[in-house]
Amino acid sequence: MWCAAIDDACFQNLAGSFRNYGVEFACNFGEWEDGCDADAFQSIEDIASYKARKVYEVTGLPTIASGTSFEVEPARVPDRSNPMNRMLQNSRVTSGYRFNSVGDHVDYIIEALKPYSEPTRVTRFRSCFCFYDGDLEIFDYGELDCDIHFANSVRTFIPMSCGIDGIGKTLQLAFGLEFQGWLRKKVRDAMNGNESRISMQLRDRILKEGKVLPNNIVDVSAFMDSMVDVNLMDDCAKELSKRFESLKPTKILTVATTGLVLAIPMAKYLQVPVVYARKERNIVMSDTYKANYSSKTVGKNRELMVSKKHIHPDDRILVVDDFLSSGASQEALLRIVSDSGASAVGVGILLEKVYDAGRQFLSGFNIPVESIAKIASVKDGIITMEEEEGYTSVSR
């Protein structure tokens, strides 16, 4: 739940945009002013920041506030030798103007300057949005340059709309917000119940048979590495396939060999081929896409290679892997997809370590990331699973 302090006419646009990311607004405080004469000399960044901090101070909720300025560029001075241009040499006409708010005064100055200005004299509407949550402060902007002949205060809605779109995208990257993720979750919950039976089954196996090794490495070799529970992996693949089938992938890309335990049964349910990246070149791989990454498990840099004849520019690639930790290996696979000219449609994961930054690391690709089970912590050698809606957290 957030708050806002922007123009009331633009609030519904802001609320509607962020509702797609599962964010609701408790209230909007409007385009209020402190009434201080010094405001005229402040930047719109200072004004937006001040408003966001004040609203946060009152409500304790993350806040988005805005400030909008209006500018008129100085006019070109006409030929001074011509007596007919005497009025056009008046400094009140030729000077530039800047206001830290938009209202009736903007329309007044525009109408006053129009008769003495070139129709192409530039006016600028600039909106600044500031997000503040008590710790992080983020700015984004919207801007419109408009000939004075067409300018009026209503044009303010254009940079405001651009700014709302900009701050939405910036906060999406900053916080890993998922577009309409809440809607996909509701659909899954309606189809499968509030908590997937397979997810609970996998969590139980992790708690019963998983071990924490040095460097906080989670060992689940008892059922999905050295020894594979094929029935459990098949059920997990079926569950994960449902989440991606609407995206219509044409191929699955994974890493040999750990990712294959999930990728192969998923390919069966999605009816698509599996392409896997090798860590060592073999004799048939003459021309390859390559990407380096740092492996925490083996403690050194590794290289992934995929034959160029297996991925084509018209492919829609679903990346699948067993673990999401730092996100390095998945990011390397996504770089290979990008190099090939194909489109990445998502990342499917069996186990996600939410205490690492993997999901945030992949957020820049702007694709959905889905996992079956999430490990919240391995502190002191104890595996703690992330709490799901309707269930309490569990640990071993």
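Computed from a predicted structure; not experimentally measured. (Residues numbered from 1 in each chain as written. Predicted model: local features only at pLDDT ≥ 70, side-chain atom pairs only at ≥ 80, totals over all residues. Heavy atoms only, no water.)

Engineer: Lay out the overall build of the chain with the relevant residues and their values.
Structural biologist: The helix and strand inventory of the chain stands at twelve helices and 17 strands. A total of 396 residues make up the chain; the buried ones form 44% of that total. Excluding contacts between residues fewer than 6 apart, the proportion of contacts in the chain whose partners are at least 24 apart in sequence is 65%. Carbon and sulfur atoms form 50% of the exposed surface of the chain, whose accessible area is close to 20000 Å². (Helix = DSSP H or I, 4+ residues; strand = E, 2+ residues; numbered from the N terminus. Buried < 20%, exposed > 50% of the residue type's maximum accessible area, 1.4 Å probe, protein only. Contact = heavy atoms within 4.5 Å. Areas by Shrake-Rupley, 256 points an atom, 1.4 Å probe, with all protein chains shown as cover.)

Engineer: Describe in detail the packing of aromatic side chains, supporting the description with residues and values.
Structural biologist: Taken as a whole, this structure holds ten aromatic pairs when the rule is applied. When the ring of phenylalanine 18 is compared with that of phenylalanine 25, the centres are 5.9 Å apart and the planes differ by 85°; the resulting orientation is edge-to-face. One exposure class covers both phenylalanine 18 and phenylalanine 25, and it is buried. Taken together, the aromatic side chains of Trp2, Phe11, Phe18, Tyr21, Phe25, Phe131 and Phe175 make up a single cluster linked through ring pairs. (Phe/Tyr/Trp six-rings, centres within 6.5 Å; stacked < 30°, edge-to-face > 60°.)

Engineer: Residues and numbers for the packing of helix 7 (residues 197-209) against helix 9 (residues 230-244), please.
Structural biologist: A pair of packed helices is captured by two measures, namely the crossing angle of their axes and the spacing between those axes. Contact pair helix 7 / helix 9: the axes reach a minimum separation of 10 Å and the direction vectors enclose 140°. Considering their axes alone, helix 7 and helix 9 lie oblique with respect to each other. The hand of the helix 7/helix 9 crossing is left-handed. Residues Ile198, Gln201, Leu202 and Arg205 of helix 7 touch helix 9, and the partners they reach there are Leu232, Asp235, Cys236 and Glu239. (Axes fitted to C-alpha atoms, helices over the stretch in contact; angles between N-to-C directions. Parallel < 35°, antiparallel > 145°, perpendicular 65-115°, else oblique. Left-handed = near helix turned anticlockwise from the far one by under 90°.)

Engineer: So, the pattern of salt bridges: which residues are in play, and what are the values?
Structural biologist: One pass over the structure, following the stated rule, counts 20 salt bridges. Among the salt bridges present, the one from lysine 268 reaches aspartate 234, with a minimum N-O distance of 2.9 Å. Taken together, the positions of lysine 268 in helix 10 (residues 260-270) and aspartate 234 in helix 9 put the pair 34 residues apart, joining distant regions of the chain. Here aspartate 287 ties to lysine 308 by a salt bridge, and the two come within 3.6 Å at their closest N and O atoms. Note that aspartate 287 is positioned in the loop between strand 10 (274-277) and strand 11 (288-295) and lysine 308 in the loop between strand 12 (300-307) and strand 13 (316-324), a separation of 21 residues in sequence. What emerges from the salt-bridge pattern is a single network uniting Glu45, Arg124, Arg126, Glu143 and Asp145. (Salt bridge = Lys/Arg side-chain N within 4 Å of Asp/Glu carboxyl O.)

Engineer: Lay out helix 10 in plain terms, naming residues and giving numbers.
Structural biologist: Because an α-helix completes one turn every 3.6 residues, residues spaced three or four positions apart along the sequence face the same direction. The element helix 10 is largely enclosed, with a buried count of eight among its eleven residues. For helix 10, the set of buried residues is Leu260, Val261, Leu262, Ala263, Pro265, Met266, Ala267 and Leu270. Turning to helix 10, the residues buried within the fold contact helix 8 (221-224), helix 9, strand 9 (251-255), strand 10, strand 13 and strand 14 (343-353). Within two residues after helix 10, glutamine 271 carries a phi angle of roughly 55°, on the positive side.

Engineer: Lay out unusual backbone geometry with the relevant residues and their values.
Structural biologist: Look at the link from alanine 256 to threonine 257: it is a cis peptide, with omega at 5°. Residue placement: threonine 257 occurs in the loop between strand 9 and helix 10. Phi at asparagine 216 takes a positive value of approximately 60°, unusual for a residue other than glycine. In this fold, asparagine 216 is placed in the loop between strand 7 (211-213) and strand 8 (217-219). With a phi close to 55°, asparagine 366 is a non-glycine residue in the positive phi region. Here asparagine 366 shows up in the loop between helix 12 (358-362) and strand 15 (369-377).

Engineer: Got a sec to walk through helix 11 (residues 328-340)? Specific residues and values, please.
Structural biologist: Given a rise of 1.5 Å per residue, 13 residues ought to cover 18 Å, and the 19 Å separating the end C-alpha atoms of helix 11 matches this to within 8%. Within helix 11, ten of the 13 residues are buried, leaving the element largely enclosed by the surrounding structure. Of the residues one or two after helix 11, glycine 341 is the one with positive phi, at around 85°. (Expected span 1.5 Å × (residues − 1).)

Engineer: How would you sum up the nonpolar core? Please name residues and give values.
Structural biologist: Counting residues in hydrophobic clusters, the biggest one holds 34 residues, and the most contacted among them are Leu202, Ile206, Ile252, Met266, Leu350 and Leu351. Looking at this core, the elements with two or more residues in it are helix 7, helix 8, helix 9, helix 10, strand 13, strand 14 and strand 15. Excluding anything up to four places from it in sequence, methionine 266 contacts Ala237, Leu240, Ser241, Ile252, Leu318 and Val320. (Core = buried A, V, L, I, M, F, W, Y, C linked by side-chain atoms within 4.5 Å.)

Engineer: Could you give an account of the state of the cysteines, with specific residues and numbers?
Structural biologist: If you walk through the whole model with that rule in mind, you get zero disulfides. You can see cysteine 27 has no disulfide; the closest cysteine sulfur is in cysteine 3, sitting 3.7 Å from it. Judged by relative accessible area, cysteine 27 falls into the partly exposed class, the value being 30%. Of all cysteine sulfurs in the structure, the one in cysteine 130 sits closest to cysteine 128, which takes part in no disulfide; the separation is 6.6 Å. (Disulfide = S-S within 2.5 Å.)

Engineer: Quick one: what's the story with the packing of helix 1 (residues 8-19) against helix 5 (residues 157-175), residue by residue and with numbers?
Structural biologist: Here helix 1 crosses helix 5 at 25°, and the two axes come no closer than 10 Å. Relative to helix 5, the element helix 1 is oriented roughly parallel. Along this stretch, helix 1 crosses helix 5, giving a crossing that reads as right-handed. From helix 1, Ala9, Cys10, Asn13, Leu14, Ser17 and Phe18 reach across to helix 5, where they touch Phe157, Met160, Ser161, Ile164, Ile167, Gly168 and Leu171.

Engineer: Any chance you could break down the side chain of arginine 243 for me, citing the residues and the numbers?
Structural biologist: Relative to the elements of secondary structure, arginine 243 occurs in helix 9. What makes arginine 243 buried here is its relative accessible area of 12%. Separated by 3.2 Å, the side chains of arginine 243 and glutamate 370 make a polar contact. (Polar contact = N/O pair within 3.5 Å; in protein donor to acceptor, adjacent residues only side chain to side chain.)

Engineer: Any details on the pairing of strand 14? Residues and values, ideally.
Structural biologist: With respect to burial, strand 14 is a largely interior element, nine of its eleven residues being buried. The pairing of strand 13 with strand 14 spans eight bridges and is classified as parallel. Bridged to arginine 316 within strand 14 is serine 343. Once the chain exits strand 13 it traverses helix 11 before rejoining the sheet at strand 14, and the crossover so formed is right-handed. (Pairing = 2+ DSSP bridges. Right-handed = clockwise from strand over helix to strand, strands pointing away.)

In short, shape yes, function no, at least from these values alone.
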